[in-house]
Amino acid sequence: MSLSSLSALRTEIFHYIDAHQSDFIENLKEWVAVESDSVQPDLRKEVIRMMSLAAARLAALGATVNSVSLGSQQLLNGQHLPLPPVILGELGKDPQNLTICFYGHVDVQPAKKEDGWKTDPFTLTEINGNLYGRGATDNKGPVLAWINAVGTFRALKRAMPVNFKFVIEGMEEAGSLGLEKLLEEEKQGFFSDVDYIVISDNLWLSKKKPALIYGTRGNACFCVEVEGGDKDLHSGTFGGIIHEPLTDLIALLDSLVDPTGHIQIPGIYDAVAVLTDEEKKLYESIEYDIEEHKNNSGVKKLLYSTKEEILLHLWRYPSLSIHGIEGAFHEPGIKTVIPAKVIGKFSIRQVPNMDLSDVHQRVVDHLENVFAKRNSPNKLKVSMPLGAQPWVADVNDPLYKAAKRAIKTVFGEDPDFIRDGSTIPIARIFQTITQKRVIMFPIGAADDGEHSQNEKISRFNYIEGTKVFAAFFLEIAKLRGQSHETSNPGTNN
Ligand SMILES: [Zn+2]
């Protein structure tokens, strides 16, 4: 397609989207009205009803829809609860076209008016350009923006610039039960001809400036247990003549991180990817309000004073946090007890290229070493009950460049390239299992309040987000023929 006809097509598409704003908002209103809360068992039927609405909407686009049953889950009380199906949708099979697979979820977090909502959480309400309602930004709005972008090509009877696949689930807020297994099963099937995977289930870092997300930190959780005798003791009777488990534990926990936030476990930073000049540059233009972040935390001072240092330490360096001590006396008042067994809990948000088993081993070695120096007769046990891998993508991948161009076209500026300091397993899971390149392409703004009261997406973000997806399809279409020249996604992790 020539440049001028491409830009004419884009203009036509954007006009259509602008002219159909109320329809798109009506679609969102219909979806928000379904209380598809996947957390509370008695609302499971609503999640299942939501899945059929989503399936019907894809079918209306002309997509083939396969609602894959995932069986049931067993609750703690023994009750079996049906899992909502995962929708695998497919639209277009032109071998000349690239295939993008969109992942989204249509279940939501719990919400009740009395939690402090200004409006009914399940009635989409527009106030000052913001569309309030549970799921508006997480994740019903972005899913519909994508569907409506595809629908626009259909409505205008335009050729599909790419082939589309959809993975829509209804258990994201409850741990995506069964999804990983389905991805494994469909790796050679549904995913075999997918070129790219797009996830739009996050937010920009700023209220105004668009962003693309290319990394998330992992999380390795540790328990360190110190056990003395088999019963708690009285400090009047035994204080001063025994090695106290809690004293040992505090010494162990104190050895983990110094007052500057530096982790003191020998060799822990060895594998951390080296910061390149190119990567450092990405941080300069990022729109980020340190004061606001500081105020949100309620603390007086952060460990770092510049935007770059703060973001680097949130996103691409590991951190260690101490969470608690099980078995220690924590009630108000005084109890002169010497606890017999205490368990310290801490976690390391690890980053590329830290290997989980290596991190585990270093933590064990370090704690055993510190403990040995105390000559304590108590028993030490270190375990890592939970370990989630970090994820990082290559921002120079054509996929990211295409998204960047689409953003520039619609918003008139380049996106921030950002990471997330938390652990969001979904991108990593898709990338590891399917071996496809993954992008996190948010359209919601930093203040959308996902999971909290008064969740919203602005009309602007919802409608411009629809346009940016449509523009992205056209950018992806331009990549035809170059898709296999790029690097393997597994190499930079
Ligand atoms: Zn979400």
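Under an unreviewed UniProt entry, the protein chain has the name Carnosine dipeptidase 1 and belongs to Gallus gallus.

*Asks:* Teacher, can you tell me more about the sheet that holds strand 13 (residues 319-326) here?
*Replies:* Where strands meet in a sheet, backbone hydrogen bonds hold them as pairs that are either parallel or antiparallel. Read across the sheet, four strands follow the order 13-15-11-16 without closing on themselves; strand pairing throughout is antiparallel. Two strands close off the open sheet at either side, each with one partner strand: strand 13 and strand 16 (379-388). For this sheet, the mean inter-axis angle between neighbouring strands, taken without regard to orientation, is 20°. As paired strands, strand 13 and strand 15 (residues 341-349) are joined by seven bridges and run antiparallel to one another. Note on strand 15: the bridge partner recorded for I325 is G344.

*Asks:* Looking at this structure, I do not really get the environment of E126. What am I missing?
*Replies:* Within the secondary structure, E126 is located in strand 6 (residues 125-127). Since 15 C-beta atoms lie within 10 Å of it, E126 is described here as partly exposed. Between the alpha carbons of E126 and R459 there is a distance of 8.2 Å; along the sequence they are 333 residues apart.

*Asks:* I'm lost on the UniProt feature "binding site: Mn(2+) 2" (unreviewed entry) in the protein chain in this one. Help?
*Replies:* UniProt annotation of "binding site: Mn(2+) 2" (unreviewed entry) refers to H105, D138 and D201 when read in the numbering used here. These residues run over 97 residues, yet every pair of their C-alpha atoms falls within 8.2 Å of each other. Note that H105 resides in strand 5 (residues 99-105). In contact with H105, not counting residues within four places along its chain, are N139, I168, E169, G170, E172 and D201. Along the chain, D201 falls in the loop between strand 9 (196-199) and strand 10 (211-216). Setting aside anything within four residues of it in sequence, one finds D201 in contact with G104, H105, D138, N139 and P142.

*Asks:* What is the right way to read the nonpolar core from this model?
*Replies:* A general feature of soluble globular proteins is that nonpolar side chains tend to end up buried together. Ranked by internal contacts, the top residues of the largest apolar core, which has 90 residues, are I87, I100, I197, L212, A403, I439 and F472. No other element matches the 10 residues that helix 14 (residues 459-477) contributes to this core. Beyond its immediate sequence surroundings of up to four residues, A403 is in contact with L212, I439, F441 and F472. Counting 23 residues, the second-largest nonpolar core is a separate cluster that includes A220, V359, L367 and L380.

*Asks:* Help me understand the sheet that holds strand 6, please; the structure alone is not making it clear to me.
*Replies:* Pairing within the open sheet is antiparallel, and its three strands lie in the order 6-7-20. Each of the sheet's edge strands pairs with one partner strand only, and the pair in question is strand 6 and strand 20 (456-458). The average undirected angle you get between the axes of adjacent strands in this sheet is 30°. Two elements, strand 6 and strand 7 (residues 130-132), share three bridges in a ladder whose sense is antiparallel.

*Asks:* Help me out: how do you make sense of the pairing of strand 10 in this one?
*Replies:* When a strand is regular, its side chains alternate between the sheet's two faces. With six of its six residues buried, strand 10 lies for the most part within the structure. The pairing of strand 10 with strand 18 (residues 416-420) spans five bridges and is classified as parallel. The residue of strand 18 that forms the bridge with T216 is D420. Where strand 10 meets strand 17 (residues 391-392), two bridges bridge the pair, whose relative direction is antiparallel. Among the inter-strand pairings, T216 is bridged to a residue of strand 17, identified as W391.

*Asks:* I would appreciate a short explanation of helix 2 (residues 21-32) in the present structure.
*Replies:* An α-helical segment advances 3.6 residues per turn. Residues three or four places apart therefore align on the same side. Taking 1.5 Å of rise per residue, the 12 residues of helix 2 would be expected to cover 16 Å, and the 16 Å separating its terminal C-alpha atoms lies within 8% of that figure. Turning to helix 2, its buried residues are F24, N27, L28, W31 and V32. Along the axis of helix 2, the buried residues cluster in a sector spanning 135°; they form a single face. For helix 2, the exposed residues set more than 90 degrees away from the buried face come down to S22 and E26.

*Asks:* Help me understand the domain arrangement of the protein chain, please; the structure alone is not making it clear to me.
*Replies:* Note: interface size is frequently given as the accessible area lost on complex formation between the parts. Entries for the protein chain in the domain assignment read domain 1 (3-216 + 391-492) and domain 2 (219-273 + 316-388). Taking only C-alpha atoms into account, the centre of domain 1 sits 40 Å from that of domain 2. Listed by partner, the interface residues are five residues for domain 1 and five residues for domain 2. Of the residues contributing to the side of domain 1 that touches domain 2, the split by class is two nonpolar, two polar and one charged.

*Asks:* Would you mind showing me how to read the packing of helix 4 (residues 140-155) against helix 14 here?
*Replies:* For any two helices packed against each other, the geometry comes down to the angle between their axes and how far apart the axes lie. Packing of helix 4 against helix 14 brings their axes to within 8 Å, and their N-to-C directions diverge by 50°. As judged from the angle between their axes, helix 4 and helix 14 are oblique. In the packing of helix 4 onto helix 14, the handedness of the crossing is right-handed. On helix 14, the residues touching G141, P142, A145, W146, N148, A149 and T152 of helix 4 are Y462, G465, T466, F469, A470 and F473. Counted by class, the contact of helix 4 with helix 14 contains eight nonpolar, five polar and no charged residues.

Parameters at a glance
Residues numbered from 1 in each chain as written. Predicted model: local features only at pLDDT ≥ 70, side-chain atom pairs only at ≥ 80, totals over all residues. Pairing = 2+ DSSP bridges. Helix = DSSP H or I, 4+ residues; strand = E, 2+ residues; numbered from the N terminus. Axes fitted to C-alpha atoms, helices over the stretch in contact; angles between N-to-C directions. Buried ≥ 20, exposed ≤ 12 C-beta atoms within 10 Å, placed from the backbone. UniProt positions renumbered as here; feature names shortened; annotations may be inferred. Contact = placed C-beta atoms within 7 Å. Core = buried A, V, L, I, M, F, W, Y, C linked by C-beta atoms within 7 Å. Expected span 1.5 Å × (residues − 1). Arc of directions from axis to C-beta. Domains from an automatic or database assignment. Nonpolar A, V, L, I, M, F, W, Y, C, P; charged D, E, K, R; others polar. Parallel < 35°, antiparallel > 145°, perpendicular 65-115°, else oblique. Left-handed = near helix turned anticlockwise from the far one by under 90°.

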